[in-house]
Amino acid sequence: MTDKKIKVFISMPFTGKTFEALTKEREDLHTLAAQHNLELPEQFIGYQFEEDFKTKDYDPSFILAKDKKWIKESDIIVADFSAPSLGTACEITIAKELYDKEVIGIVPDVEKRKHTWLRFYCDHFASSYEEAFILINDQYAGYNHPEHVDKRQYDSIAVEYQLVEATPMQKYVYDPNASAEVEKYAKGGVVGVFHSASGHRARIAKEAGAAQVIGIDTSFRQISLAREIELRKKQGIEYLILNAYSKDFNHEFPEKYLGKLDLVLGFFLVDHAQTKIELTLLAQNIYASLKAGGTFVAMIEPAGVSLPTDPKYGVALEPADDVRGDGAQRKVAIYQNMKDGEDRPVLHFFNFEWERETIQKAFQDAGFSSAEFSAPLIAGGDAEKLGKDYWAAYHANPFETLFTCKK
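Described below are features of the structure shown in this document.

Conventions and cut-offs
- Residues numbered from 1 in each chain as written.
- Predicted model: local features only at pLDDT ≥ 70, side-chain atom pairs only at ≥ 80, totals over all residues.
- Heavy atoms only, no water.
- Helix = DSSP H or I, 4+ residues; strand = E, 2+ residues; numbered from the N terminus.
- Contact = heavy atoms within 4.5 Å.
- Buried < 20%, exposed > 50% of the residue type's maximum accessible area, 1.4 Å probe, protein only.
- Lys, Arg positive; Asp, Glu negative; His and termini not counted.
- Salt bridge = Lys/Arg side-chain N within 4 Å of Asp/Glu carboxyl O.
- Pairing = 2+ DSSP bridges.
- Phe/Tyr/Trp six-rings, centres within 6.5 Å; stacked < 30°, edge-to-face > 60°.
- Axes fitted to C-alpha atoms, helices over the stretch in contact; angles between N-to-C directions.
- Expected span 1.5 Å × (residues − 1).
- Parallel < 35°, antiparallel > 145°, perpendicular 65-115°, else oblique.
- Left-handed = near helix turned anticlockwise from the far one by under 90°.
- Nonpolar A, V, L, I, M, F, W, Y, C, P; charged D, E, K, R; others polar.

Right, let's talk about the overall build of the protein for a bit. Along its length, the protein carries 13 helices and 15 strands. Long-range contacts, defined as pairs at least 24 residues apart, comprise 71% of the intrachain contacts of the protein with a sequence gap of at least 6.

This is the structure we're talking about:
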């Protein structure tokens, strides 16, 4: 396993500080980061000589021009708001709006953390750099990904993503399990389909007997496709663009559904949590959306699966790099069987692997009374006719698991 260090960009106030003070402050930050096995790209030391610093304006436009590159290449942003700074405000706006980065705000005054702007742009708060660095190592396991994965990664492949619906895994594993869970927990009830994409699983839920279905996804394009399909084939399904990993989810989730769902289906929802913080928020948000006695059922691809998996099932997990374990990035490739008999990749995206114990703890800590894993069904159509030989590779390395929680 490669020991990659998480890259942390420090956005901090420069105004009013002497060259000597800033240089010492940056050197101390590098020493502290090294103690926590973190890497800081350096945006100050060496970029400006002392004479230039003292005789010329060190203005925000200069800072932003050179720091955009570092922001883009970093994994996490630590923004120091212990003193007012226009540069820091600009930098975290760029980090969030352009690059969708995780931001930890250093705000020692707990009351100031309630400020709307800070809550909007900061994913978490700390009182010091030491606390922020400890938080990164504790909650952002595996966040040193080879490329940052934007929550909007599906916008550019929304149409092509529907190819998943034609795969053997969809036909013989995903669909029959989704139907079975609706029939078991929510026949005649209200179902929320989180990570609903273009609505395929939401339509399955409706056809399985749910009286009311709401589908949510972070992808604008995916939800647009779902709404277009709903217009052509009306089933009364409501689709919303919402982020289930956000601390603001319960403020944005429709009040008529909050705490009213009989069942939340979250197939591969857990696998798209990029950090322990997101996993924790996800569990809390799902808990709040369910009624008392409600159920959350996820299809997950937990850590420990041997990679790569067999592509003949249409969905194959492949390593993004040689880092494995909690929070490690993983490539999901969609394959089609061509006329020449070859299985060829036609699409890929990324998700993240989590240890079963980590997932279980997050949901139990959120308040769920039970959190259990089980093997999914292989059923539907001619699944059995395909024979034991066809499914041998899957049974030898089962890469899908059901995760069920009761509120």
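Moving on: the environment of isoleucine 104. Structurally, the position occupied by isoleucine 104 is in strand 4 (residues 102-106). Judged by its relative accessible area of 0%, isoleucine 104 falls in the buried class. In the structure, isoleucine 104 is positioned 26 residues away from valine 78 in sequence and 4.8 Å away in space, judged by C-alpha atoms. Ignoring any residue separated from it by four or fewer positions in sequence, one finds isoleucine 104 in contact with Ile76, Ile77, Val78, Ala79, His124, Phe125, Ala126, Ala132, Leu135, Ile136 and Tyr140.

Moving on: the side chain of aspartate 175. For aspartate 175, the position within the fold is in helix 7 (residues 168-185). Despite its burial, aspartate 175 remains without a salt bridge, the nearest opposite charge being carried by arginine 201 at 4.8 Å. Those residues in contact with aspartate 175 that sit more than four places away from it in its chain are Gln170, His200 and Ile204.

Attention shifts here to the sheet that holds strand 5 (residues 124-126). Strands sit in the order 2-1-3-4-5 across an open sheet of five strands; the sheet is parallel. The sheet is open, and its two borders are formed by strand 2 (38-39) and strand 5, each paired with just one other strand. Here strand 1 (residues 6-11) runs beside strand 2; their pairing, made up of two bridges, is parallel. Along strand 2, the bridge assignment pairs lysine 7 with glutamate 39.

Below, the discussion takes up the pattern of salt bridges. Pairing is possible between side chains of opposite charge, provided their charged atoms come close. Scanning all chains against the criterion turns up 13 salt bridges. A salt bridge links arginine 119 to aspartate 248; the shortest N-O distance between them is 3.3 Å. Linking arginine 119 in helix 5 (residues 116-121) with aspartate 248 in the loop between strand 8 (238-241) and helix 10 (249-252), this pair joins segments that are 129 residues apart in sequence. Arginine 119 gets classed as partly exposed once you look at its relative accessible area, which sits at 29%. Glutamate 353 is the partner of arginine 330 in a salt bridge, and the nearest nitrogen-oxygen pair spans 3.9 Å. Residue arginine 330 is located in strand 12 (residues 328-337), and its partner glutamate 353 is located in strand 13 (residues 343-353); the two are separated by 23 residues in the primary sequence.

Any two aromatic rings considered together are summarised by their centre-to-centre distance and by the angle between their planes. Tallied over the full model, the rule gives 25 aromatic pairs. Ring centres of tryptophan 391 and tyrosine 394 lie 6.2 Å apart, and the angle between their planes is 80 degrees; on these two criteria the pair is classed as edge-to-face. Placement of both tryptophan 391 and tyrosine 394 in helix 13 (residues 387-396) is noted, with a separation of three residues, approximately one turn of the helix. Assigned by exposure class, tryptophan 391 and tyrosine 394 land together as buried. Three or more aromatic residues link up through ring pairs in this structure, and these residues are Tyr172, Tyr313, Tyr390, Trp391, Tyr394 and Phe399.

Turning next to the sheet that holds strand 11 (residues 315-319). The strand order across the open sheet formed by three strands is 11-12-13, and the pairing between neighbours is antiparallel. The strands lining the two open edges of the sheet, one partner per strand, are strand 11 and strand 13. Within this sheet the neighbouring strands show an average axis-to-axis angle of 30 degrees, counted without direction. Here 10 bridges tie strand 12 to strand 13, and the two strands are oriented antiparallel to one another. Of the residues in strand 13, the one forming a bridge with lysine 331 is phenylalanine 350.

This paragraph deals with helix 1 (residues 19-35). Its 17 residues place the ends of helix 1 25 Å apart at the C-alpha level, agreeing with the 24 Å of an ideal helix rising 1.5 Å per residue. Among the residues making up helix 1, those that are buried are Phe19, Leu22, Thr23, Arg26, Leu29, Leu32 and Ala33. Downstream of helix 1 by a residue or two, asparagine 37 has a phi angle that is positive, lying close to 60 degrees.

This next bit is on the packing of helix 11 (residues 276-289) against helix 12 (residues 356-365). In the contact formed by helix 11 and helix 12, the axes pass within 8 Å of each other and the chain directions differ by 45 degrees. For the element pair helix 11 / helix 12, the angle class is oblique. Here helix 11 runs over helix 12; the crossing is right-handed. Residues Lys276, Leu279, Ala283 and Ile286 of helix 11 pack against Thr358, Ile359, Ala362 and Phe363 of helix 12. Among the residues forming the contact of helix 11 with helix 12, the class breakdown is six nonpolar, one polar and one charged.

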